[in-house]
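# Tertiary structure, described
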Amino acid sequence: LDAAPAPRPPSRLMWVKVSRPIDPEADKAIHQCLAAYISDGPLLSVALQPHGLQFPSTRLGAVASLDHSMWFHAPFRADEWMLYDMRSPRLVDSRGLIFGSVYQDGVLVATVAQEGLLRLKRST
């Protein structure tokens with residue numbers, strides 16, 4: 001990781017899927033649970049990008065997800081490629097807000113919202 005990344009816009013596109021095939025007869029809830037797991041990891045780092053920070057960073061102290069919500073709009077398969085479009089409209093007073101949209105074959109299949117705590121380490 002770059003110790004001092006340049007500030008970037010608060011958005012990221014990422015292709016995601018699970019690494020192993022899922023039984024074609026599996027319930028849709030399996031795919032939804034896997035998508036929820038996949039969706040959580042990269043969100044908070046998007047809020048850090050405009051501030052020249054990345055996760056992990058030695059400059060960060062407390063980092064935590066305060067809430068994570070997900071809405072499912074259409075059927076999808078978590079073992080097939082999905083485009084994850086993430087954006088963060090705000091990071092103020094150590095609290096970041098991040099939204100995500102998940103697409104498969106051009107169809108919006110899920111929407112994600114997360115608020116997170118992103119606090120710098122205190123200087124000693």
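Residues numbered from 1 in each chain as written. Predicted model: local features only at pLDDT ≥ 70, side-chain atom pairs only at ≥ 80, totals over all residues. Heavy atoms only, no water.

Okay, the confidence of the model for the chain next. Confidence in the prediction of the chain, expressed as mean pLDDT, is 90, and 97% of residues score 70 or more. Here strand β2 (residues 60-72) stands out as the element of the chain with the lowest mean pLDDT, 89, in contrast to strand β1 (residues 11-16), whose mean of 97 is the highest. (pLDDT = per-residue confidence, 0-100. Helix = DSSP H or I, 4+ residues; strand = E, 2+ residues; numbered from the N terminus.)

Quick look at the nonpolar core now. With 25 residues, the main nonpolar core has Y84 and V102 as its most contacted residues. Put simply, the parts of the chain that give this core at least two residues each are α1 (28-40), α2 (43-48), β2, β3 (82-92), β4 (95-104) and β5 (107-120). If one sorts the elements of this core by residue count, α2 sits on top with five residues. Sequence-distant contacts of Y84, defined by excluding residues within four places in its chain, comprise R12, L13, M14, V16, S39, P42, L43, G100, S101, V102 and V112. (Core = buried A, V, L, I, M, F, W, Y, C linked by side-chain atoms within 4.5 Å. Buried < 20%, exposed > 50% of the residue type's maximum accessible area, 1.4 Å probe, protein only. Contact = heavy atoms within 4.5 Å.)

The phi angle at D93 is positive, at roughly 55°, despite the residue not being glycine. Following the sequence through the fold, D93 ends up in the loop between β3 and β4. Positive phi outside glycine occurs at D105, with the angle close to 55°. Judged by its relative accessible area of 74%, D105 falls in the exposed class.

Further remarks concern the packing of aromatic side chains. Each aromatic ring pair is specified by the distance between its two centres and by the angle formed by the two planes. Inspection of every chain in the model, using the stated rule, returns one aromatic pair. Ring centres of F72 and F76 lie 6.0 Å apart, and the angle between their planes is 20°; on these two criteria the pair is classed as stacked. We classify F76 as buried; its relative accessible area is 10%. (Phe/Tyr/Trp six-rings, centres within 6.5 Å; stacked < 30°, edge-to-face > 60°.)

As a further point, take α1. Between its first and last C-alpha, α1 extends 19 Å over 13 residues, near the 18 Å set by a 1.5 Å rise per residue. Residues H31, A35, I38 and S39 constitute the buried set of α1. Taken around the axis of α1, the buried residues stretch over an arc of 95°, which confines them to a single face. Facing away from the buried side of α1 by over 90 degrees, the exposed positions are C33 and Y37. Those residues of α1 hidden inside the fold are in contact with β1, α2, β2, β3 and β5. The N-cap of α1, judged by a side-chain oxygen 2.7 Å from the amide nitrogen of A29 a few residues on, is D27. (Expected span 1.5 Å × (residues − 1). Arc of directions from axis to C-beta. Polar contact = N/O pair within 3.5 Å; in protein donor to acceptor, adjacent residues only side chain to side chain.)

Sheet architecture is open: five strands sit in the order β1-β3-β4-β5-β2, paired in antiparallel fashion. Two strands bound the open sheet, and with one partner strand each, they are β1 and β2. Taking each pair of neighbouring strands and ignoring which way they run, the sheet shows an average axis angle of 20°. Two strands pair when backbone bridges link them, and β1 and β3 are joined in this way by six bridges, in the antiparallel orientation. (Pairing = 2+ DSSP bridges. Axes fitted to C-alpha atoms, helices over the stretch in contact; angles between N-to-C directions.)

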